[in-house]
Amino acid sequence: MGKMKFFVFLSILLATCLTSCFSDSNSSSAISEPGCTPDKCLIYAVYSVAGIGDQGYQDLVYYGVNKAVKDYSVSVENVQPYSLDSAEKFIQTFFDETKKDGYKKRLLLLSTDEYNGLFKDHPKWKQSKTNSILVIGNNRDSIDAYAWDVSLYGASYQAGRTIYELGLDSVGVLGANSKTKAVQDAIQGFSDGYKKASSRTLEVDYGFLEEEEGTGFDENLAAYLFASFVYMKHQFDFIFPVIGGGSVEIYRFMREMQDSISFYSCGIDVNQEHQSDNIPFSIEKKTDLLVLDFVSKWVLEEEISNNFIGTLDSKYADIVVSKNYSDWQSHFDKYLKEAQDAEHSYLEKAQ
Amino acid sequence: MKLFIFLFLALLLGACSDNGSSVNNPPPQEVSVKVAVILPLNESGSIHWRNTADWFEENLQKAFSRSHNSSVKLDLEWIDEDSSNMKELSATLIKNDDIKAIIGPLKEDKLDTLAGYLAIANKHGPRKTLIAPKATDAEIVRKFGDEKWFFSLTETDATLCGNLLSSAKAMDAKSVSLLTSSANEEKTFLDWFAFQAVELGLQINAIESFNDTSDVKTVAENFFSTSQDFVICIPANYMEAIEILKAHKKQKSTARLLFSENAVDPEILKYPEAEGLEAVTPGASPESGFDIAYFTKFDIYPGIGSAQFYDALMLVAFAQTEMLASDDSLFLDEHIKNLVKQNSYANSWAWEPFGMSGVLEKIQKGQANIDFSGASSSLVFNESSYSIISETIYTHWIAKNQKFYPLNYKSAYGNNRTNNSEISYKWYFTHILPQIQGIDSTRHIEYPPLKGNYALLVATTRTWGEYRHESGVYSMYHKLKNYGYDDDHIILIAEKDIITSDYNPAKGTWVDYNEEQIIDSLNADYKISELEPQDVLKILTGQKSERLPHVIQSDSTQNIFVYWSGHGDRGNLGWKIGGTRSGSFSYDDMQTLISTLSKEKKFRKMLWVVETCYSGSVCKAFDDVGAEGALCMTATNENETSKGLMYYAPFNQYLANSFSYNFMSILDNSTISSQDNYDIPLSDMYSELYKATLGSHVSIYNSQNYGNLKLNKIGEFLVPVQ
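Residues take numbers from 1 onward in each chain, read along the sequence in its written order. For this description, chains carry letters from A and ligands carry numbers from 1, given in the order in which they are written. In keeping with the predicted nature of the model, local features appear solely for residues at pLDDT of at least 70, side-chain atom pairs appear and are counted solely at 80 or more, and the whole-chain, interface and lining totals rest on all residues. Heavy atoms throughout the structure, all of them, feed into the side-chain values; hydrogens and water do not.

**Section: the overall build of chain A**
To keep things clear, this is the line we draw: Starting at the N terminus, helices and strands are each numbered in turn, a helix being any DSSP run of H or I of at least four residues and a strand any DSSP run of E of at least two. Between buried and exposed lies partly exposed: a residue is buried under 20% and exposed over 50% of the maximum accessible area for its type, with that area taken using a 1.4 Å probe on protein chains only. In this analysis, two residues are considered to be in contact whenever any of their non-hydrogen atoms come within 4.5 Å of each other. To measure how exposed things are, a 1.4 Å probe is used in the Shrake-Rupley method; for residues, cover is taken only from the protein chains shown.
Regarding its fold elements, chain A presents ten helices and twelve strands. Looking at chain A as a whole, 61% of its 351 residues qualify as buried. Within chain A, contacts between residues separated by at least 24 positions form 75% of all contacts whose residues are at least 6 apart in sequence. Carbon and sulfur atoms make up 48% of the accessible area of chain A, which amounts to about 13,600 Å² in all.

Structure below.
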């Protein structure tokens, strides 16, 4: 078989590979929905700045949007800004084209809450009978929008609780920044779980790649250098990476140095067990499922919660144990209920 | 009342308009452009090409519908490249004036044929644009990369080879080996492996090739019976990859393996040996989201090349749109260049309808500085011709649990989603080269006064297909004559058949490395077909005979210059390859020759300039003999091939090889004119050649026994003593 056959087979191959990265959804065939046809309903999806291609969170949202478009017979305009300014212009375009484009139902889907601040300068950016707004993330600025998110507190708690029991007692945490709520939740959950097990406070002093909110998620080089620096200086047993797409660089470091290092890490947002033999589990954040569920309600005109947080309990977050570490499953199972309860308490307090 | 009626009508009209969005409103005017698409359509994966084309057309029309301006539609004529005679097809396409652009084919030999025809046809008639979604053969890109109408959307296998090696380097490899198929389509790896390994500071352990699936097992088992550190594996198909993996396991080798794209085949996942296999392949940009969007739309993932095909269609549509908007007389390829010239590595999504509509609007308004990215890459092209894509995204795969997963992505320059795989040439020149070559600039050797010069010029090949070797020697002959040599002091060995060839449209002439046509005035002493390799020794030692009436009668006061151009393999300089493969001048022959000439004091100084593949493997004899005053410069080191340059479409031939072209160009730019002005220190000549010759490492031998290369100049070989 030559190069040509390679072309032929790669589709099958990629299908096997990448479907496993996305959450299960039993919607392989299009759902005929009389309430929406492509000429009536539009999803206008604006992704985070340079977000697509992270092999994680943003790709999951992108997948969820495209899947929803297919399943619910709606039109889509996918918009990838490369700066906050261009994002602002793109969002303005959504409002400017209201009614002009002829759609009866229009959904502005923001794949990140990093654009919430822009709403302050645009008082006309509001929902209407025609226009709905969904922010994937937190609605701390109280903008006129649905805010749906997935909390990783519970799954991270379960991870922290379990790895200590498994003997990984020297742990470093790396966050994209200290101000993004999703990062705070995950790190807090991991720290609380670990602390519960070890009676120690986790050190995270040097663990942030950037200072500003919403940044540090695509710092590939920094992540790589951090991995090497941390390993050389502290020789942690385990690194917990809450750095978005940059986490693949931690894994690359682990692969490239596999003959001389031996620390563990975990997949984040999606299953990353293929990245290294030293990834015993992954924390999944099923934002694709979140998008599909929201769009389903939007299309069917069901009641939609203004604020919704998917949790470990509701299966929007989960821990997937890698194949070679199947004997760890029972340890994680042991702390599932405790983690779910801890997450409920945490979220209640936050409210 | 009137107001009521007006409002009623307005409401009614508004309601009517709600029945359909602008998506359904046909644009004011639609202009069609005919494009021939030549791709493998009978294979099971051919659905990807149709899917991609349909999807592109859908997105294009959506994009146009946003602007409500005149739109462009691509009228595709599908042609199966596997069931087409490419010569006949090329002739048919050239005659078809309706076809403005051709996309494909994928197979290198077919692309080469089509491009060869277009190279001639496009010089005379309206130009057709050729876009190759995946021209990975470096030879094709070298031949057609400067043509105005040629575009390639994937970097060549030379870049993939560099990626594989930089991965090895990153994985802490100390030495690397190449185990490769000798299939023609994989030859780029053989050409570039050694060069790039040296560039990266990697020691080369072994280079081994196998013919096909029948002998890969034996070759691989022998290969892994020796100690290996890191092995780059280039199978022609997945079965060969399996045999390599089995041999690796059988020999209990600890070598780390990294494969090229043919190993990434779902069939290989059925074999337990494939667990953990890693490979690097060209792919789509992760930042474009193309793979994910394709999957959600078609429930399968795209084949490799789909993103490049999508971009090819997009480039044609954009260019045609600009052509309509500007209403000028430029060709389609010129409009493509106009557009891509403005692209940067900063991303700007243009392959989805929303981004595409923005680009189309700017084009229609005649705006400058439109910067757009495609599905496969940022669509930045080389600055010299804007025809070869500058950055391909490569995916590093791993097989785990019977699935393939992408580990990471690499590109030439890297960004927030891809790693930088650029090889640091500058660093190499400034830090490593001086150490490796060890040019001795201090040692001084006393030579007797120069009293005369001789030159031996040898073209060891014949036939039209080896044009560059003969023409190179003829160019050198002319240079020497211009510098003052007479024919009594030049021995010219060449077949001269390119001058009389039926392929030559102007018999009695030949074309030099600068495309200058020259009337034959060459005074050849021998045809290569009349001599045997051992005759070189006889000629240089002055052993005149009835069969060899022209020899060099030199002594220790005369300089000898030898320019040799032809083929070579490891340990041999070829003899009469081209038409007949009939012999070689080996390392041992070279060793004997230098020893003999030195012992018999047949030269004061002797400089060999050797233009063949693997020339270092023979000319290292200069080092091993260590004869005082003997120096050699070669086109390549021991493990490399030399590369053709100056493709001349009317002949479908190269006019020179890279090393020789640079050698002569440096002379052209020098002021060599007389004994008083020998110009160009040998050290400068060497370093200039080293920097200018791409694809091989120009090497120098026996400099330690020659004297100060900064003080010794090239001119004392080229300008004869009067």
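Here the narrative resumes.
**As for the overall build of chain B**
For chain B, the count of helices and strands is 22 helices and 26 strands. When the accessible surface of chain B is split by element, carbon and sulfur atoms take 49% of a total near 26,700 Å².

**Let's talk about the confidence of the model for chain A**
Residues and elements named next belong to chain A. Threshold: By definition, pLDDT measures how confident the predictor is in each residue, and it falls between 0 and 100.
Mean pLDDT over chain A stands at 84; residues scoring 70 or higher make up 85%. Taking the mean pLDDT of every element in chain A, the minimum, 41, falls on helix α1 (residues 3-19) and the maximum, 97, on strand β12 (residues 317-321). Contacts of residues 1-20 to residues separated by more than four positions or lying in other chains number 70 contacts, the stretch itself having pLDDT below 50. Within the model, pLDDT remains below 50 along residues 24-33, and this stretch shows 16 contacts once partners closer than five positions in the same chain are excluded.

**Some words on the packing of aromatic side chains**
Stated formally: Centres within 6.5 Å make a pair out of two Phe, Tyr or Trp rings, where for Trp the six-membered ring is used; the pair is then stacked when the planes are under 30 degrees apart, edge-to-face when over 60, and tilted otherwise.
In this structure the tally under the stated criterion is 61 aromatic pairs over all chains. Relative to Trp349 of chain B, the ring of Tyr47 of chain A lies with its centre 6.5 Å away and its plane at 65 degrees, an arrangement referred to as edge-to-face. In this pair, Tyr47 of chain A is assigned in the loop between β1 (41-46) and α2 (57-71) and Trp349 of chain B in the loop between α12 (332-340) and α13 (353-364), connecting two distinct chains. Comparing Tyr47 of chain A with Trp349 of chain B shows no difference in burial state: the two are buried. Residues Phe290 of chain B and Tyr294 of chain B carry aromatic rings whose centres are separated by 6.0 Å and whose planes lie at 45 degrees to one another, so their mutual orientation is tilted. Linking Phe290 of chain B with Tyr294 of chain B, this pair stays in helix α10 (residues 290-298), spanning four residues, or about one helical turn. Here the two residues Phe290 of chain B and Tyr294 of chain B agree in accessibility, since each one is buried. Put simply, the rings of Tyr47 and Tyr62 of chain A together with Trp55, Phe56, Phe290, Tyr294, Phe298, Tyr310, Trp349 and Trp351 of chain B touch in pairs and so form one group of aromatic residues.

**Thoughts on the pattern of salt bridges**
It is possible for side chains of opposite charge to pair when their charged atoms get near one another. We count it as follows: Think of a salt bridge as a Lys or Arg side-chain nitrogen and an Asp or Glu carboxyl oxygen that are within 4 Å of each other.
The tally for this structure, following the rule as stated, stands at 36 salt bridges over all chains. One salt-bridge network, held together by shared partners, links Lys34, Asp75 and Glu77 of chain B.

**Focus: the confidence of the model for chain B**
All names here are of chain B. Taken over all residues, the pLDDT of chain B has a mean of 86, while the share at 70 or more is 89%. In this model, residues 1-27 is a region of pLDDT below 50 whose contacts with residues beyond four sequence positions or in other chains number 16 contacts. Scored below 50 in pLDDT, residues 421-442 shows 40 contacts in the model against residues more than four places distant or in partner chains.

**Some words on the layout of surface pockets**
All names here are of chain B. The line we're drawing: Cavities and pockets were defined on a 1 Å grid built over protein atoms only: a cavity is a set of grid points that admits a 1.4 Å probe from which the probe cannot escape, a pocket is an open set flanked by protein on both sides within 12 Å along at least five of seven lines, and lining residues are those with an atom within 4 Å of any such point. Grid points are joined across faces, edges and corners, and a volume is the space filled by probe spheres set on the points. Any residue outside Ala, Val, Leu, Ile, Met, Phe, Trp, Tyr, Cys, Pro, Asp, Glu, Lys and Arg is labelled polar, Gly included; the first ten of those are nonpolar and the last four are charged.
Taken as a whole, the second largest pocket spans an internal volume of roughly 910 Å³. Lining the second largest pocket are 34 residues, with Lys187, Asp191, Arg468, His567 and Cys613 positioned closest to its centre. Looking at the lining of the second largest pocket, the elements that each hand over two or more residues are α5 (138-144), α7 (187-199), β7 (203-210), α15 (467-483), β19 (568-569), β24 (644-648) and β25 (653-657). A per-class count over the lining of the second largest pocket returns eight nonpolar, 14 polar and twelve charged.

**Description of the sheet that holds strand β26 (residues 699-701) of chain B**
All names here are of chain B. Condition: Strand pairing is assigned whenever DSSP identifies at least 2 bridges connecting the two strands. Here the axes come from fitting lines to C-alpha atoms, over the contacting stretch only for helices, and the angles between their N-to-C directions go from 0 to 180 degrees.
Ordered in space as β15-β14-β18-β22-β23-β26, the six strands form an open sheet in which the pairing is mixed. Looking at which strands have only one partner, the edges of the open sheet turn out to be β15 (490-493) and β26. Here the strands of the sheet are splayed against their neighbours by 10 degrees on average, with no regard to which way each runs. Here seven bridges tie strand β18 (residues 558-565) to strand β22 (residues 605-611), and the two strands are oriented parallel to one another. By the bridge assignment for β22, Phe561 is matched with Leu607. Here helix α21 (residues 682-692) sits on the sheet and contacts β22, β23 (630-634) and β26; the angle it forms with β23, its principal contact strand, is near 20 degrees.

**Some details on the nonpolar core**
We apply this condition: Buried Ala, Val, Leu, Ile, Met, Phe, Trp, Tyr and Cys residues form a nonpolar core when they are joined through side-chain atoms within 4.5 Å.
Judged by nonpolar contacts, the single largest core of 139 residues is most densely connected at Ile43, Val65, Leu109 and Trp298 of chain A together with Trp351 and Phe372 of chain B. Beyond its immediate chain neighbours, meaning those up to four positions away, Trp298 of chain A contacts Cys41, Leu42, Ile43, Val74, Lys105, Arg106, Leu107, Ser132 and Ile304 of chain A. Core analysis: the second largest hydrophobic core is formed by 57 residues, Ile445, Ile666, Leu682 and Val698 of chain B among them.

**A word on the state of the cysteines**
Working definition: the covalent bond between the sulfur atoms of two cysteines is a disulfide. Keep this limit in mind: The disulfide definition used here is simple: a pair of cysteine sulfur atoms within 2.5 Å.
Tallied over the full model, the rule gives one disulfide over all chains. Note that Cys36 of chain A is cross-linked by a disulfide to Cys41 of chain A, the S-S spacing being 2.0 Å. An S-S torsion of about -95 degrees defines the bridge between Cys36 of chain A and Cys41 of chain A as left-handed. For the pair shown, Cys36 of chain A and Cys41 of chain A are each scored as buried. The closest cysteine sulfur to the non-disulfide-bonded Cys619 of chain B is located on Cys632 of chain B, 3.5 Å from its own sulfur.

**Describing the sheet that holds strand β6 (residues 171-175) of chain A**
All names here are of chain A. With parallel pairing, three strands are arranged side by side in an open sheet as β6-β7-β8. Either end of the sheet is taken by a strand with one partner, and the two such strands are β6 and β8 (264-265). Examined bridge by bridge, strand β7 (residues 238-242) and β8 share two bridges and lie parallel to one another. Note that in β8 the partner of Ile239 across the bridge is Ser265. In the packing of helix α5 (residues 181-198) onto the sheet, contacts are made with β6 and β7, and the angle to β7 comes to roughly 155 degrees.

**Let's talk about the pairing of strand β5 (residues 146-150) of chain A**
Residue and element names in this part refer to chain A. Summarising burial for β5: five of the five residues are buried, a large majority. Because side chains alternate across β5, one face comprises the buried residues Tyr146, Trp148 and Val150, and the other comprises Ala147 and Asp149, equally buried. Across three bridges, the pairing between strand β4 (residues 131-136) and β5 is parallel. Counted as the bridge partner of Leu134 is Tyr146 from β5.

**Section: the packing of helix α11 (residues 306-326) of chain B against α13 of chain B**
The angle between the axes and the distance between the axes are what describe a pair of packed helices. Residues and elements named next belong to chain B. Operational definition: Small angles under 35 degrees read as roughly parallel and large ones over 145 as roughly antiparallel, with 65 to 115 read as roughly perpendicular and the rest as oblique. Helix crossings are classified by the rotation of the near helix relative to the far one: an anticlockwise turn of less than a right angle makes the crossing left-handed, while a clockwise turn makes it right-handed.
Contact geometry for α11 and α13: axes closest at 8 Å, N-to-C directions at 30 degrees. Considering the angle they form, α11 stands roughly parallel to α13. Crossing of α11 over α13 shows right-handed handedness. For the pair α11 and α13, the contacting residues are Tyr310, Met314, Phe318, Thr321, Glu322 and Ala325 in the first and Met356, Val359, Leu360, Ile363 and Gln364 in the second.

**Here's the deal with unusual backbone geometry**
As a rule of thumb, non-glycine residues mostly have phi less than zero, and peptide bonds are mostly trans rather than cis. In this model, Gly104 of chain B is joined to Pro105 of chain B through a cis peptide bond whose omega is -5 degrees. For Pro105 of chain B, the position within the fold is in the loop between β3 (99-103) and α4 (108-121). Phi is positive for Lys99 of chain A, which is not a glycine, with a value near 75 degrees. Note that Lys99 of chain A resides in the loop between α3 (84-96) and β3 (105-110). Taking the relative accessible area as the measure of exposure, Lys99 of chain A reaches 66% and is therefore exposed. Backbone geometry at Leu379 of chain B places phi at a positive 55 degrees, although glycine is not the residue there. For Leu379 of chain B, the location among the structural elements is in the loop between α13 and β11 (394-400).

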